[in-house]
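Here's the letter readout for the chains.
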Amino acid sequence: MNSIRRTHRLWTSCQSTALHRVNRSQYQYELIESILSCLSTRHYSSTTESSATIPSVPNSIDAHLAASTTPPSEYMQEYYDLIKSGKLRWDTTQLAAAQAYDTTFIELARLSNGDKNQGTKDSLSLWKRMMSSFSPSNSNQSTDRVKGSYVFGGVGCGKTMLMDMFYDCVDWVPKRREHFHSFMIDFHARVHKVRGENAVDQVTNSMREEFQLLCLDEFQVTDIADAVILRRLFSNLFQQGLVLVATSNRAPEELYYNGIQRELFLPFIPLLRKQCRVHNMNSSTDYRLTGHRSKDVFFVVHNPQETNASILERRKIDQSITSPRIDVVEATHQAAEQVRQMFARLSGNQKPTQVTLKVEMGRTVRVPYSCRGIALLDFEDLCEKPLSAADYLAICQNFHTLCITNIPQMKAYTMRNTVRRFIT
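Keep in mind it's a predicted model, so treat the numbers as computed, not measured. (Residues numbered from 1 in each chain as written. Predicted model: local features only at pLDDT ≥ 70, side-chain atom pairs only at ≥ 80, totals over all residues. Heavy atoms only, no water.)

*Asks:* Can you walk me through the sheet that holds strand β7 (residues 364-371) in this structure?
*Replies:* The pairing of strands in a sheet happens through backbone hydrogen bonds and is either parallel or antiparallel. Spatial strand order, β6-β7-β8-β9: four strands in an open sheet with mixed pairing. Each edge of the open sheet is held by one strand with a lone partner, namely β6 (353-358) and β9 (401-405). Shown here is a sheet whose adjacent strand axes are inclined to one another by a mean of 40°, direction ignored. Pairing between strand β8 (residues 374-378) and β9: five bridges, direction parallel. In the sheet register, A375 faces β9, and the bridge partner there is L402. (Pairing = 2+ DSSP bridges. Helix = DSSP H or I, 4+ residues; strand = E, 2+ residues; numbered from the N terminus. Axes fitted to C-alpha atoms, helices over the stretch in contact; angles between N-to-C directions.)

*Asks:* Looking at this structure, I do not really get the packing of helix α9 (residues 199-210) against helix α10 (residues 224-239). What am I missing?
*Replies:* Here α9 crosses α10 at 45°, and the two axes come no closer than 9 Å. Taken together, the axis directions place α9 and α10 in an arrangement best described as oblique. Viewed along their axes, α9 and α10 form a crossing whose handedness is right-handed. Taking contact as the criterion, the partners of V200, D201, T204 and M207 in α9 are, on α10, I229, R232, L233, N236 and L237. (Parallel < 35°, antiparallel > 145°, perpendicular 65-115°, else oblique. Left-handed = near helix turned anticlockwise from the far one by under 90°. Contact = heavy atoms within 4.5 Å.)

*Asks:* What is the right way to look at the sheet that holds strand β3 (residues 213-217) in this model?
*Replies:* Pairing is parallel across the open sheet formed by five strands, whose spatial order is β2-β3-β4-β1-β5. Looking along the sheet, the strands with just one partner apiece sit at the ends: β2 (175-179) and β5 (276-280). Pairwise comparison of adjacent strand axes, ignoring direction, gives a mean angle of 10° for this sheet. Pairing between β3 and strand β4 (residues 243-248): four bridges, direction parallel. Bridge assignment links L214 to a residue of β4, and that residue is L244. On the sheet, helix α8 (residues 180-194) packs against β2 and β3 and is oriented at approximately 105° with respect to β2.

*Asks:* Is there a simple way to think about the confidence of the model for the protein in this case?
*Replies:* Detailed reading of the predicted model is not advised wherever pLDDT is low. This prediction gives the protein a mean pLDDT of 76; 69% of its residues lie at or above 70. In the model of the protein, helix α2 (residues 21-53) stands out as the element of lowest mean pLDDT, 40, in contrast to strand β1 (residues 148-152), which has the highest, 97. Within the model, pLDDT remains below 50 along residues 10-57, and this stretch shows 28 contacts once partners closer than five positions in the same chain are excluded. Contacts from residues 114-125, a stretch scored under 50 in pLDDT, to residues over four places away or in other chains number twelve contacts. (pLDDT = per-residue confidence, 0-100.)

*Asks:* Where do I start with the side chain of D286 in this structure?
*Replies:* Structurally, the position occupied by D286 is in the loop between β5 and α12 (308-315). If near-sequence neighbours (up to four positions away) are discounted, D286 is found in contact with V155 and G156.

*Asks:* Where do I start with helix α7 (residues 159-169) in this structure?
*Replies:* Because the α-helix completes a turn every 3.6 residues, residues three or four places apart line up on one side. The complete set of buried residues in α7 reads K159, L162, M163, M165, F166, Y167 and C169. Buried residues belonging to α7 abut α4 (74-84), α5 (92-111), β1, β2, β3 and β4. (Buried < 20%, exposed > 50% of the residue type's maximum accessible area, 1.4 Å probe, protein only.)

*Asks:* Explain α4 to me, please; I cannot follow it from the model alone.
*Replies:* Here α4 has its buried residues at Y75, M76, Y79, Y80, L82 and I83. One face of α4 carries all of its buried residues, which in axial projection span an arc of 160°. Against α3 (61-67), α5 and α7 lie the buried residues of α4. (Arc of directions from axis to C-beta.)

*Asks:* Quick question: what am I supposed to make of the pairing of β8 here?
*Replies:* Here is the key point about a regular strand: its side chains alternate between the two faces of the sheet. Buried residues dominate β8, accounting for four of its five residues. Note: β7 against β8, three bridges, orientation antiparallel. Residue pairing in the sheet places C371 in a bridge with I374 of β8. Linking β7 back to β8 in an antiparallel pair, the connection comprises two residues, with R372 at a positive phi of about 55°.

Set out below in structure tokens:
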């Protein structure tokens, strides 16, 4: 307090025009010194106060629930029950993502006036309220606008699991849950069927009648046909009250990165951010790798550029390297043979057959070896031929296990199309 009074006195003195220039300079110097002293005192006081009031991160579900001041929603209660039962682990990163979904869940529940089980009539009235909130006259003052959720992060951290739980809990509005590529393939097929200048508007209008909530898994834009139409597609749907909940491995700004004619896609990014809360899961955990495997599933050929010395050095760590000199061609054949042997074991050593799968819009894709829901494919046939997301979806819908041989080391600049197909 004394420092503040002194600062005020010095400031008053500096404002006096009667002061001689030299004296004023002296006062200004002292004023600066005093202000710095006040700021320093204030800083340490604030730091002490903040450290005392910031709660520590709960280290268990019980501690988290004990610290909560409000009862959980149906969605969060489901999540907590899975943790208590041991089906899920206590993961604060996952908890934060669940809370992001829960915000959308609560807004949807409030918009339905808390009555989620009154049937179609209330669902339609909810739809009308959501649509009216997007009209131009209500765009700035409506409180009925429901923002969706866009959760992105690394693979295997639980994004899809949390979204599926959200989807199951929202049972009072028309809804649809789909893989992003599957949704876009269906959209393009509808537009192709309708044709005409207003085909997109007609398709979005028909979609509006089918669902209010759209949950899309693996939001990943790799195709230029998707990139150029996304803004128009979702602008129409958002204007009609759609709530979007999505998962992705990429932040919105990284979608369709380095894609052809990306400038046509860029307007979609601010639209997505406006309509959805974007949450970065930022997790380093891949739960797919936490289990135990009885057999190897990756057979890796060592880098052909490695010298004998570097291989010998790695032998000290990796005992599976039995020979300092590696014949790369032979090793490649051995790795491919190991994959073929695994395919034979999984298929019960039955004779494989060739299958031709039908794809959307009359296209087909050939699978040379298949048996008992298992497919054996070479990387060249899978990623170095002009296949699309529709082809890959057809393969995944018909086979539960894929065995792939001869996957090369991929370089983004020299194998651009190959890499894009591989990550589709």
